[in-house]
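Per-entry structural report
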Amino acid sequence: MARASSARVKEPSPRIGLDTALGASGLPGASVLSRVGPRLGVQTVRDLLFHLPRRYEDLREIRTAAGLAALEEGTVATARLEVVALRLEQTFRRRVQRTVALLRDETGEVEATWFGRRFIERRLKEGQWIVLSGRVKRRGFAVSLDNPDFQRDDGSALLHVGRIVPVYRLSAGLSARTLRAAIRRALDDFGPYPEYLPDSAHEARLVGIGEAVDEAHFPRGFEERDRALDRLAFDELLALQVGMVSRLRERQRSPAEPIVVSADRLAQAVALVESTISGAIRARRAASATQAHASGAPQGSDASSEVRLTDDQRAALEAIRDDLASHRPMLRLLQGDVGSGKTAVAALALAFVADAGHQGALLAPTDLLARQHAATLSGLLGPLGHGVTLLSGSMSAPQRRQAQELLNAPLDRALDGGSLGRIVVGTHALLQETVAFADLRLTVVDEQHRFGVAQREALATKGATAHVLLMTATPIPRTMGQLVHADLDVSDLRASPVGRRPVITGVRRHEELLHVRDRPGALPLLAGQVAAGHRAFVIVPLVEESEEGEATSVDAAARLIGDTWAGATEAAGIPVTALRLEIVHGQMRAAERDARMERFRSGETSVLVGTTVLEVGVDVPQATVMLILDADRFGMAQLHQLRGRVGRGEDQAYCILVSDRYPSRGTPPAQLTDDQRLVAARLDALKEHSDGFVLAELDFALRREGELLGLQQSGLPPLRVASLVDPRHRALSLAAREAAEAIVDANGQLRPGNEALAAELATGWLQQVGAGEVLEIASASGAPGG
């Protein structure tokens, strides 16, 4: 009988290396792999070895024919049987034949059926014994296996049946059999994969990398598989932590010039910012009241317009003040919901640096957000004696040249509006080599997860030793933050500014858009708000309609709003008004997209339909409705961030989450599918909670394995194996941190003896996790070595 393959231990082939292109590798199916592999990110032998299974099927139990007959229909089972007869039959579908094999053993007979696979009869012969695995089907009293995979029982290793079988991600033109055979041969011919971890970093309970790679593909048992995946997960987490520890120690060895902010200046600056924000709120309320009076609509809130910074904002400012006064460069993450007051904290930090005669820069991900920040900071910093310079890609060449000259000019030039050139706001244009600063000491990065580590540091290195303040409106769970933000100090802004109303959130199905029982639905609410002078967002998952038609595109949403506008206004009990609607999405030219957003901000249009490009960068206090179609297609963090786009003014705001995967009203809980329960849990959580930190923890608990968005949202590289949802991997991350601290020296370099690990991080399978960072190896004396 055939046997399951196990790891082989042999010297790597001297003729050919792991970085050999698949087309030249001599592996089974090499020509197919060279053609199809790039679509899967597989181009070399090394890539193939780390194209890991997405799941496994346990086909180890080998049954008799009588044993198959006793199973329920639909069960996937394995049997060892003799081929008795073969025949070809025509199906009802034209030109599609099926191959039927009669199989037997001493306990009885079964049939196996393959549809449209003419090669089967050439691979099977009467009298052969085979091991096959397939789904049990019943046809009357007869038992059949549908489209089973099989191998001849000739003593060779089992790859496709009779074992724990790996199931891979495939692409058109590449079969599972071809891929398995190629990976097995690669493991045999090129393995074992060379060890790269030094003993000092090697967890005692983890297997060697060669065994791990082999058992990850063809495990002898699930315990062996889990040990293999634990080793691979540890290595990914180690690569992540080595990068963090290296950056942290590099910054720690670069002394910063202390910037001391007196208690009097802190109090004065806070009072001026509070006064400026309060004045802006009074002006906005006055404008709203005038508009409401003119239209006859009810007037908004009469809450106090006197704004005070929250306790969280004050605590963050104290921490930043301490960071600036120390000899160590600041590296702090400021995280809080949209509207929690991050910009006010950043403005004061920039002012403190400018007060000391230095420069500060704020990096924004989009042109529109940069211009928005420049306007906001100008208003906040003007009373503090500082002007703001804008530098973005949409500016004309002369404007950019003038801004660049200002940034590199001596900082004692005082112009109208304060000291220009000390505070700059910009986009990726700030990262260009041609942009130089006279004395950059603070870098603020907004929506930091939208920039890579290299981009963030490219701006920071334009200063002598620049302090760095990262900002994000996407909090990540505390448990994960302890692991992936270990190189950062973190300040949380959990409290909402006083007087801000929570956004009322509801969940609806598509058939409830116009009416919910006998009450107006979401579209009449939207029409009523627009008629009252407010504005509305409509968010969809797709730019273009898909062939499957399973999700809504921007054009389909615009048609929906247009076709139902008359009915929606009628249901709202208001006269029909002209619909002023525009569409925005990420495939548009940035200039056109920003122009449309600007028209929405100014009130020229009242409904903006778009994709998640609207998640960041639109501050419209008059927007009171966020309608999200196919809300189940978005993550909870995205939905919460989108909801934060409304409710930024004085009037009550609404967020309506629309999903047909949400259970219909009155559906008994016992009748819900697992998918419906998960969708309901996520959308109900958003309906019930407005705190982004609470939602991050709930999202962490609800996510299935491998779905967690937090890593992506925190700007970290993707992990193939490690999952911080898995408690075992969280423990491994702590061990990886400890190992990283042992092998990285005080200068941020890998200690001698880690050359193999450095090479793996630079060019091996860990390159993506390590972001391609080539860490230098310290020489024995502690200086950088070759």
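Residues numbered from 1 in each chain as written. Predicted model: local features only at pLDDT ≥ 70, side-chain atom pairs only at ≥ 80, totals over all residues. Heavy atoms only, no water.

1. Some words on the sheet that holds strand β21 (residues 535-539)
Here is the rule we go by: The criterion for strand pairing is that DSSP finds at least two bridges linking the strands in question. Under the scheme used here, helices are H or I runs from DSSP no shorter than 4 residues and strands are E runs no shorter than 2 residues, and both carry numbers assigned from the N terminus. Only the stretch in contact is used when a helix axis is fitted, and all axes are lines through C-alpha atoms; the angle between N-to-C directions ranges over 0 to 180 degrees. When checking whether two residues touch, look at their non-hydrogen atoms; a contact exists if any pair is within 4.5 Å.
The parallel open sheet is built from 6 strands, whose spatial order is β18-β25-β24-β21-β23-β22. Both edges of this open sheet fall to β18 (504-508) and β22 (581-584), since each of them pairs with a single strand only. Adjacent strand axes in the sheet meet at a mean angle of 15°, parallel and antiparallel pairs treated alike. In this sheet, strand β24 (residues 623-629) lies alongside β21 in parallel orientation, the contact comprising 5 bridges. For Ile 539, the partnering residue across the bridge sits in β24 and is Ile 628. This element, helix α18 (residues 636-643), spans β18, β21, β24 and β25 (654-658) of the sheet and lies at about 155° to β24.

2. Regarding the environment of Pro 38
Applied cut-off: Note on exposure labels: buried denotes an accessible area under 20% of the residue type's maximum, exposed denotes more than 50%, and partly exposed covers the range between, all computed with a 1.4 Å probe on protein chains only.
Within the secondary structure layout, Pro 38 lies in the loop between α1 (30-36) and α2 (45-49). Take Pro 38: its relative accessible area is 42%, and that puts it in the partly exposed class. With residues up to four places along the chain from it excluded, the contact list for Pro 38 reads Leu 33 and Gln 43.

3. Some words on helix α20 (residues 692-702)
In plain terms, the rule: Regarding the arc, it is the one traced by the directions from the helix axis to the C-beta atoms. Two N or O atoms count as a polar contact when they lie within 3.5 Å, although within protein this holds only if one can serve as hydrogen donor and the other as acceptor, and sequence-adjacent residues are included solely when both atoms are side-chain atoms.
Listing the buried residues of α20 in full gives Gly 692, Phe 693, Leu 695, Ala 696, Asp 699 and Phe 700. With its buried residues spanning 160° around the axis, α20 presents them on a single face. N-capping of α20 is provided by Asp 691, with a side-chain oxygen placed 2.8 Å from the backbone N of Phe 693.

4. Considerations on the packing of aromatic side chains
Each pair of aromatic rings is reported with the distance of its centres and the angle of its planes. Quick note on the threshold: Note on aromatic contacts: the rings of Phe and Tyr and the six-membered ring of Trp form a pair at centre separations within 6.5 Å, being stacked when their planes are under 30 degrees apart, edge-to-face when over 60 apart, and tilted otherwise.
What the rule picks out here adds up to 5 aromatic pairs. Relative to Tyr 196, the ring of Tyr 193 lies with its centre 6.4 Å away and its plane at 90°, an arrangement referred to as edge-to-face. Residue class for Tyr 193 comes out buried when judged on its relative accessible area of 5%. The class of Tyr 196 is buried, set by a relative accessible area of 4%.

5. Considerations on the packing of helix α7 (residues 222-252) against helix α22 (residues 727-743)
Here is the rule we go by: Any angle from 65 to 115 degrees is called roughly perpendicular, while one under 35 is roughly parallel, one over 145 is roughly antiparallel, and all others are oblique. Handedness of each helix crossing follows the sense of rotation of the near helix against the far helix: counterclockwise by less than a right angle gives left-handed, clockwise gives right-handed.
At a closest axis distance of 7 Å, the pairing of α7 and α22 adopts a crossing angle of 45°. It follows from the interaxial angle that α7 and α22 lie oblique. α7 and α22 meet at a crossing whose hand is right-handed. Contact residues: Asp 226, Asp 230, Ala 233, Phe 234, Leu 237, Leu 238, Gln 241, Val 242, Met 244, Val 245, Leu 248 and Arg 249 in α7; Arg 728, His 729, Leu 732, Ser 733, Ala 735, Ala 736, Arg 737, Ala 739, Ala 740, Glu 741 and Ile 743 in α22.

6. Focus: the sheet that holds strand β11 (residues 331-336)
As summarised here, the arrangement of the 7 strands in space is β13-β14-β12-β15-β16-β11-β17, forming an open sheet in which the pairing is parallel. The open sheet has two free edges, formed respectively by β13 (389-391) and β17 (489-493), since each of these has just one partner strand. Between one strand axis and the next, the sheet turns by 20° as a mean value, whatever way the strands run. Lying over the sheet, helix α11 (residues 367-381) contacts β12 (359-363), β13 and β14 (423-426), oriented at roughly 155° with respect to β14.

7. What to know about the pairing of β22
Rule in force here: If the strands point away from the viewer and the path from the first strand over the helix to the second runs clockwise, then the crossover is right-handed.
Pairing of β22 with strand β23 (residues 607-610), which is carried by 4 bridges, proceeds in the parallel orientation. Of the residues in β23, the one forming a bridge with Ile 583 is Val 609. Each parallel crossover has a hand, and for β22 linked through helix α17 (residues 590-602) to β23 it is right-handed.

8. Focus on the nonpolar core
Note the cut-off: Put simply, buried Ala, Val, Leu, Ile, Met, Phe, Trp, Tyr and Cys residues joined by side-chain atoms within 4.5 Å make one nonpolar core.
Grouped together as the largest cluster of nonpolar side chains are 64 residues, with contacts concentrated most on Leu 48, Leu 49, Tyr 193, Phe 234 and Leu 238. Where this core is concerned, the elements lending two or more residues are α1, α2, α5 (176-190), α6 (209-217), α7, α22 and α23 (755-763). Among the elements that line this core, the one with the most residues is α7, at 11 residues. The residues contacting Leu 48, other than those within four sequence positions of it, are Leu 22, Leu 27, Leu 33, Val 42, Leu 179, Ala 182, Ile 183, Ala 186 and His 217. Counting 41 residues, the second largest nonpolar core, distinct from the first, contains Met 330, Leu 350, Val 353 and Leu 442.

9. Here we look at the confidence of the model for the protein chain
The criterion, for reference: On a scale of 0 to 100, pLDDT captures the predictor's confidence in every residue.
Chain-level pLDDT for the protein chain is 83 on average; 86% of the residues reach the 70-or-more range. Counting contacts from residues 704-715, a segment whose pLDDT is below 50, to residues more than four positions away or on other chains yields 31 contacts.

10. As for the pattern of salt bridges
Stated formally: The rule for a salt bridge is simple: a side-chain nitrogen of Lys or Arg has to be within 4 Å of a carboxyl oxygen of Asp or Glu.
Inspection of the entire model under this criterion finds 44 salt bridges. Here Glu 257 ties to Arg 441 by a salt bridge, and the two come within 3.2 Å at their closest N and O atoms. Of this pair, Glu 257 sits in the loop between α7 and α8 (263-295) while Arg 441 is found in strand β15 (residues 440-445), placing the two residues 184 residues apart along the sequence. Residue classification places Arg 441 among the buried positions, given a relative accessible area of 12%. In this structure, the salt-bridge partner of Arg 314 is Glu 274, at a minimum N-O distance of 2.8 Å. Of this pair, Arg 314 sits in helix α9 (residues 311-325) while Glu 274 sits in helix α8, and the two are 40 residues apart along the sequence. In this structure, a network of salt bridges that share partners links the residues Asp 367, Arg 371, Asp 594, Glu 598 and Arg 601.

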